[in-house]
Structure formats: C-alpha cells, structure tokens
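Listed below, chain by chain, are the residues.
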Amino acid sequence: MATDLGILAREVRENAHAPYSGFKVGAAVRTRAGDTFAGCNVENAAYPEGTCAEAGAIAAMVAAGAREITQAFVIADSPRPVPPCGGCRQKLAEFAAADVVVILATLDGQEQHTTVGALLPGAFAAKDMES
Ligand code: THU
C-alpha cells in the first residue's frame, strides 16, 4: 500500500524546530517513482534563516535524486487548512505540474484539496527564460 502522506506529514511535524513562532508545520511529497519524503520547518534565532516544511521535504527529495512531485501534503495546527507561503508555492511549482494535487490540512482533521496551479497561477518557470 502507498505510504500515507498525511501520516508522514503529521509525524514529521512533531520534529519541527519552531521555538520562535510556536507554529509547527509538516510536509510530505510523493514522487513519480512512488517514493515519499517529509520535512518540517526549521526556525533560526536569525529569523530570516528559518526554512519551511515544504522546503525541507523538497530538499530531501532532491538530495535523494528525485525531481518530480506527484502529490503533496501540508499540515499545521491552524484554524483553516494551512495555506503554503508564497515561496513554498514557487518551490512546489518547480517540481510539480500544475495539476498535481496538494492537500492542506489541520491537526483536527480539516482538509482542503487544491492543486499547484491553483495555489500559484501563472507561476514563473524555466520556460519563461527561453528566448
Ligand atoms: N511555515 C511553513 O513551514 N510552511 C508554510 O507554508 C507556511 C509557514 C512555517 C515558517 C515558520 O517557521 C512558521 O511556519 C511561521 O511562519
């Protein structure tokens, strides 16, 4: 059975290093080959050096040699299914087609299913640098 991205994201969220915001986020991605990678936010006393959960999951995927996301899941203890920040929308768009489903979730079980294209319409992409 395919690894449940929701379970992975929920589990990795526990490891988040978020002493400044107190807001732990977990993310998980599945690749074309079916492998899964998870990441959590890692904050820093020098605030801008902190990284998002999605960035961590994507970095783990790339480090393992994979490049194509086919599904993503993001979870936090938020009042509505956690909306990825703008930078993470761009990071997802680098490795996922516009129709890739992204599930946004809350700890208490709310889920919103959206797509990479809906999260970042008109995303800047490699093709925009072609002359
Ligand atoms: N955060 C994420 O990890 N992903 C997002 O898409 C939204 C924000 C983190 C960054 C920071 O550590 C904390 O949530 C509060 O902004």
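Asker: Help me understand the site of the ligand in this model?
Answerer: Taken together, the neighbourhood of the ligand is formed by S21, F23, V25, N41, E43, C52, A53, E54, P84 and C85. Within the side chain of N41, one N or O atom sits 2.9 Å away from an oxygen atom of the ligand. Here an oxygen atom of the ligand and a backbone polar atom of C85 are 2.9 Å apart. In isolation the ligand has 370 Å² of accessible area, and contact with the protein removes 77% of it.

Asker: Looking at this structure, how should I read the packing of aromatic side chains?
Answerer: Two aromatic rings are characterised by how far apart their centres lie and by the angle between their planes. In the structure shown here, the tally under the stated rule is one aromatic pair. Ring centres of Y20 and Y47 lie 5.4 Å apart, and the angle between their planes is 40 degrees; this geometry places the pair in the tilted category. Of this pair, Y20 sits in the loop between α1 (5–13) and β1 (25–31) while Y47 sits in the loop between β2 (36–40) and α2 (53–63), and the two are 27 residues apart along the sequence.

Cut-offs and rules
- For every chain, the first residue of its written sequence is number 1, and the numbers climb from 1 along that sequence.
- With pLDDT at 70 or above as the cut-off, local features in this predicted model cover only qualifying residues; side-chain atom pairs require 80 or more to be listed or tallied, and sums for whole chains, interfaces and linings still use all residues.
- Water and hydrogen atoms were dropped before computing side-chain values, which therefore reflect all heavy atoms in the structure.
- In this text, near means that some heavy atom of the residue lies within 4 Å of the molecule or strand in question.
- The term polar contact refers here to a pair of N or O atoms within 3.5 Å; inside protein, the definition further demands a hydrogen-donor-capable atom paired with an acceptor-capable atom, and it admits residues adjacent in sequence only when both atoms are side-chain atoms.
- Exposure was quantified through the Shrake-Rupley algorithm and a 1.4 Å probe, taking into account, for residues, occlusion by the shown protein chains and nothing else.
- Think of it this way: a Phe, Tyr or Trp ring, Trp meaning its six-membered ring, pairs with another when their centres are within 6.5 Å, and the plane angle makes it stacked under 30 degrees, edge-to-face over 60, tilted otherwise.
- Counting from the N terminus, the helices are the DSSP runs of H or I reaching at least four residues and the strands are the DSSP runs of E reaching at least two.

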